[in-house]
Amino acid sequence: MLLLGIDLGTSAIKVSVVDTHTQQVVASAQYPENESPIISLQTGWAEQDPEQWWYDIRQCIIKANASGKYNPADIAAIGIAYQMHGLVVTDRQGNVLRNSIIWCDSRAVPYGANAFDSIGHAESLNSLLNSPGNFTAAKLAWVKENEPTLFAQIAHVMLPGDFVAFKFSGQLTTTPSALSEGIFWDFSTNSVSAKVLNHFGFDASIIPEIRDVFTSHGEVNAAVARELQLRPGIPVTYKAGDQPNNALSLNVMRPGEVATTAGTSGVIYGVADAIAPDPQSRLNCFAHVNHSSTAKRIGLLLCINGCGIMNKMIRQWMAPQMSYAAIDAYAAEVAPGSEGISILPFGNGAERMLGNELVGAQMMNLDLNRHSVAHFFRATQEGIAFSFRYGLDIMRSMGMHPSLIKAGKANMFQSQVFTDVFVNVTGVPVELYNTDGATGAALGAGVGLGVIAENELGKGLEKQALIEPNKQEAYETHYQRWLQYLQQCMPAATE
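Okay, so let's go over this structure. Within any chain, residue numbers begin from 1 and follow the written order of that chain's sequence. This being a predicted model, a pLDDT of at least 70 is required before a residue's local features are given, and a value of 80 or more before pairs of side-chain atoms are given or counted; all residues contribute to the totals for chains, interfaces and linings. Neither water nor hydrogens contribute to the side-chain values; these are computed over all heavy atoms in the structure.

1. Remarks on the overall build of the protein
Here is step 1 of the chain: Think of it this way: any DSSP run of H or I at least four residues long counts as a helix, any run of E at least two long counts as a strand, and we number them from the N terminus. When helices and strands are tallied, the protein shows 16 helices and 22 strands.
Here is step 2 of the chain: Note on method: radius of gyration uses C-alpha positions; expected globular size equals 2.2 Å times residues raised to 0.38. Here the protein has a C-alpha radius of gyration of 22 Å; the compact-globule value for 495 residues is 23 Å, and the two agree.
Here is step 3 of the chain: The dimensions of the protein, computed from C-alpha atoms along their principal axes, are 65 × 55 × 40 Å.
Here is step 4 of the chain: Per-residue and other accessible areas follow the Shrake-Rupley method at a 1.4 Å probe size, with only the shown protein chains counted as cover for residues. A total of about 18,000 Å² of accessible surface is found on the protein, and carbon and sulfur atoms cover 48% of it.
Here is step 5 of the chain: Counting rule for charge: Lys and Arg are taken as positive, Asp and Glu as negative, and neither His nor the chain ends is counted. Charge positions are represented by NZ for Lys, CZ for Arg, CG for Asp and CD for Glu. Within the protein, the 45 negative side-chain charges are centred at a point lying 2 Å from the centre of the 32 positive side-chain charges.

Below is the structure:
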């Protein structure tokens, strides 16, 4: 029996086919080959076309099938991981009405700030565990005010994973985890937040049917099954945001366990059974995949929008002909501290941990006679790692003190330079494993189907490396210099 996992990322689609017994990957694929574009019609805007997601997903599955490593008819269930916080709106026939306003879009910041004040800071933090911020509900409020004719046609509001499951099955569902990341969920009542709906003037009918994360979210219809060589009627049994799903892929399911990832954005994600929200709501608190009213599992999420995308842009600007491995080798030739260069990687929308400010990507202390492209490569990776440290210190103030962090050996954690800086500036060892989001989605599908028990997750994990801090004092000096530059760029209220 096989499971199909889909990871709807910002830059590409990944799929993995996993064996239920061994929890090992049988085959995987990525599509498209080049990174998917982000549509930015105005400063701070970021959109993608949901129908393009669906096309790319189908092409990716077809590509995986073409490997010949498995029989698609043996796939028993589908799991979906997706980029979080995106807004997808459809009419009554299920037609997409506009591009998705995705996670790194900043236009809704004022709408979330107004809701935070109107609902009340204490009430928001107690019941929503967050300020409404720049998340899905606030994005919908922007549509309501700025595109009223289109808003009047909206019958359904979905997160990206809800949309993908709908395209497979024609059935509309969502989950408490998805609604919590959209800031629609009231943890005090375990239901859709009446306060959020009332403040923004949304009708409750726009919210799809609510189901558990691990359950059927519809069955693959005949037309889709025929195109993708799947058996008609197999269920979609799991869907989760990419960061809760990354945690599942690393078997981070219990209070006190912590995962991280460094893709387009960077995240540290810790699981807790109770949390004291940050008064400034600089970190996010969402329902983890195994959260329930009787066994609370809250995902405490630090997000850095400008992570791998900053590394990508430096490569495109300075050495588009070089591979990332070659760039890492160049960066390794430069001593820690990059001979004084400091880079702030915050150029991918409003940064939650910086008070939803648009700080922008910045380079400081350049010496045009001494610094080379190698210095820029290293300073970029250091700046991203320093951003993780900044956010981790906020997380520590909220009671999360990790002694070990788990990560898949993927994206920036393939770089020895980045990983070395990360562990030394945070002071926390990192274990690297052979997993990714698509694999996690497949395993989640197995839990939803009932063929993998939650306590069996991790069976297929193989530890690839343990990296421990060995030069913390040196990196602390460099971090403090970087922090001074950041504070100069931030409003006093967010320092």
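Picking up where we left off.
2. Comments concerning the side chain of Ser-249
Here is step 1 of the chain: Counting through the fold element by element, Ser-249 comes out in helix 10 (residues 242–249).
Here is step 2 of the chain: Relative accessibility thresholds used throughout: buried, under 20% of the residue-type maximum; exposed, over 50%; partly exposed, between the two (1.4 Å probe, protein chains only). Judged by relative accessible area, Ser-249 falls into the buried class, the value being 1%.
Here is step 3 of the chain: In this structure Ser-249 touches Thr-435, Asp-436, Gly-440 and Leu-461, once residues within four positions along its chain are discounted. Contact criterion: two residues are considered in contact whenever any of their non-hydrogen atoms come within 4.5 Å of each other.

3. Topic: a nonpolar patch on the surface
Here is step 1 of the chain: There is a patch of nonpolar side chains on the surface, built from Trp-317, Met-363, Leu-366 and Leu-368 and spanning about 460 Å² of accessible area.
Here is step 2 of the chain: Here Leu-368 shows up in the loop between strand 19 (360–364) and helix 13 (373–397).
Here is step 3 of the chain: A relative accessible area of 78% means that Leu-368 is categorised as exposed. Each patch is built from salt-bridge-free residues with over 30% relative accessible area, joining like charges within 9 Å and nonpolar side chains (Val, Leu, Ile, Met, Phe, Trp, Tyr) within 5 Å. When a carboxyl oxygen of Asp or Glu lies within 4 Å of a side-chain nitrogen of Lys or Arg, that pair is called a salt bridge.

4. A few points about the environment of Thr-174
Here is step 1 of the chain: Among the secondary structure elements, Thr-174 is positioned in strand 9 (residues 173–174).
Here is step 2 of the chain: Judged by relative accessible area, which is 1%, Thr-174 ranks as buried.
Here is step 3 of the chain: With residues near it in sequence (within four places) discarded, Thr-174 still touches Asp-162, Leu-179, Ile-207, Pro-208, Glu-209, Ile-210, Arg-211, His-217 and Lys-239.

5. A closer look at the packing of helix 10 against helix 15 (residues 437–449)
Here is step 1 of the chain: Simply put, an axis is a line fit to the C-alpha atoms, just over the touching stretch for a helix, and the angle between two N-to-C directions goes from 0 to 180 degrees. Here helix 10 crosses helix 15 at 80°, and the two axes come no closer than 8 Å. Looking at the two axes, helix 10 sits roughly perpendicular to helix 15. Contacts between helix 10 and helix 15 involve Asn-245, Leu-248 and Ser-249 from the first element and Gly-437, Gly-440, Ala-441, Leu-443 and Gly-444 from the second.
Here is step 2 of the chain: Each residue gets one label: Ala, Val, Leu, Ile, Met, Phe, Trp, Tyr, Cys and Pro are nonpolar, Asp, Glu, Lys and Arg are charged, and the others, such as Gly, are polar. For the contact of helix 10 with helix 15, the residue count by class is three nonpolar, five polar and no charged. Working rule for angles: under 35 degrees goes down as roughly parallel, over 145 as roughly antiparallel, 65 to 115 as roughly perpendicular, anything else as oblique.

6. A few points about the pairing of strand 21 (residues 430–433)
Here is step 1 of the chain: Residue alternation in strand 21 divides its side chains into two sets, Val-430 and Leu-432 and Glu-431 and Tyr-433, and both sets are buried.
Here is step 2 of the chain: The sheet contact formed by strand 20 (residues 405–408) and strand 21 spans four bridges and is parallel. Looking across to strand 21, one finds that Gly-408 is bridged to Tyr-433.
Here is step 3 of the chain: With helix 14 (residues 416–426) bridging strand 20 and the parallel strand 21, this β-α-β connection has right-handed handedness.
Here is step 4 of the chain: Here strand 21 pairs with strand 22 (residues 463–467) via four bridges, running antiparallel. In the strand pairing of strand 22, Val-430 is matched with Ile-467. Only when DSSP finds a minimum of two bridges between them are two strands counted as paired. For a crossover, the right-handed case is the one in which the path from the first strand over the helix to the second runs clockwise, viewed with the strands pointing away from the viewer.

7. Looking at helix 11 (residues 308–318)
Here is step 1 of the chain: Every buried residue belonging to helix 11 is among Gly-308, Ile-309, Met-310, Asn-311, Lys-312 and Ile-314, and all of these are buried.
Here is step 2 of the chain: Where helix 11 is buried, its residues meet helix 12 (324–332), strand 18 (342–346), strand 19 and helix 13.

8. Notes on the sheet that holds strand 14 (residues 258–262)
Paired through backbone hydrogen bonds, the strands of a sheet run either parallel or antiparallel to each other.
Here is step 1 of the chain: Read from one edge of the open sheet, seven strands run 16-17-15-14-20-21-22, paired in mixed fashion. Each having just a single partner strand, strand 16 (284–287) and strand 22 make up the two edges of the open sheet. Between one strand and the next, the sheet's axes are offset by a mean angle of 25°, whatever the strand orientation.
Here is step 2 of the chain: Strand direction decides the pairing type here: strand 16 and strand 17 (residues 298–304), joined by four bridges, are antiparallel.

9. With respect to the packing of aromatic side chains
Here is step 1 of the chain: Classification of ring pairs rests on two measures: the distance between centres of Phe, Tyr or Trp rings, Trp counted by its six-membered ring, which must be within 6.5 Å, and the angle between planes, read as stacked under 30 degrees, edge-to-face over 60 and tilted in between. Taken as a whole and judged by the stated rule, the model has 17 aromatic pairs.
Here is step 2 of the chain: Measuring from ring centre to ring centre gives 5.3 Å for Trp-45 and Trp-142, while their planes differ by 80°; the resulting arrangement is edge-to-face. One end of the pair, Trp-45, is in the loop between strand 3 (25–31) and strand 4 (47–48); the other, Trp-142, is in helix 4 (residues 136–146), and 97 residues separate them in sequence.
Here is step 3 of the chain: Judged by relative accessible area, which is 17%, Trp-45 ranks as buried.
Here is step 4 of the chain: Pairing Phe-386 with Trp-482 gives two aromatic rings, centres 5.9 Å apart and planes at 65°, and the pair type is edge-to-face.

10. Re the environment of Arg-254
Here is step 1 of the chain: You can see Arg-254 is positioned in the loop between helix 10 and strand 14.
Here is step 2 of the chain: Considering only alpha carbons, one finds Arg-254 and Arg-297, 43 residues apart in sequence, at a separation of 7.6 Å.
Here is step 3 of the chain: A 3.5 Å cut-off defines polar contacts: any pair of N or O atoms within that distance qualifies, except that in protein one atom must be a possible hydrogen donor and the other a possible acceptor, and neighbouring residues in sequence count only when both atoms are side-chain atoms. A distance of 3.3 Å separates a polar side-chain atom of Arg-254 from the backbone oxygen of Asn-251.

11. Details of helix 6 (residues 160–169)
Here is step 1 of the chain: For helix 6, the tally of buried residues reaches nine of ten residues, placing the bulk of the element in the interior.
Here is step 2 of the chain: If you check which residues of helix 6 are buried, you get Pro-160, Gly-161, Asp-162, Phe-163, Val-164, Ala-165, Phe-166, Phe-168 and Ser-169.
Here is step 3 of the chain: Downstream of helix 6 by a residue or two, Gly-170 has a phi angle that is positive, lying close to 80°.

12. Points about the pattern of salt bridges
Here is step 1 of the chain: Using the criterion set out here, one finds 21 salt bridges in the structure.
Here is step 2 of the chain: Of the charged contacts, one joins Glu-339 and Arg-370 as a salt bridge, the two residues approaching to 2.8 Å between their closest N and O atoms. Of this pair, Glu-339 sits in the loop between helix 12 and strand 18 while Arg-370 is found in the loop between strand 19 and helix 13, placing the two residues 31 residues apart along the sequence.
Here is step 3 of the chain: Classification of Glu-339 by relative accessible area gives partly exposed; the value is 38%.
Here is step 4 of the chain: Measuring nitrogen to oxygen at the nearest pair gives 3.0 Å for the salt bridge that ties Arg-396 to Asp-393. On the criterion of helical spacing, the pair formed by Arg-396 and Asp-393 is a turn pair, its members being three residues apart in helix 13.
Here is step 5 of the chain: A relative accessible area of 30% means that Asp-393 is categorised as partly exposed.
Here is step 6 of the chain: Through salt bridges with shared partners, one network takes in Glu-47, Arg-98, Asp-105, Arg-107 and Glu-147.

13. Things to note about the sheet that holds strand 2 (residues 13–19)
Here is step 1 of the chain: Pairing is mixed across the open sheet formed by five strands, whose spatial order is 3-2-1-5-13. Across the chains shown, the open sheet's two edge strands, defined by having one partner strand only, are strand 3 and strand 13 (236–241). Pairs of neighbouring strands in the sheet enclose a mean axial angle of 15°, with direction left out of account.
Here is step 2 of the chain: As defined by bridge partners, strand 1 (residues 2–8) adjoins strand 2 across seven bridges and the pair is classed as antiparallel. What sits directly across from Gly-5, in strand 2, is Ser-16.
Here is step 3 of the chain: Sitting on the sheet, helix 10 is in contact with strand 5 (75–82) and strand 13, with an inclination near 110° to strand 13.

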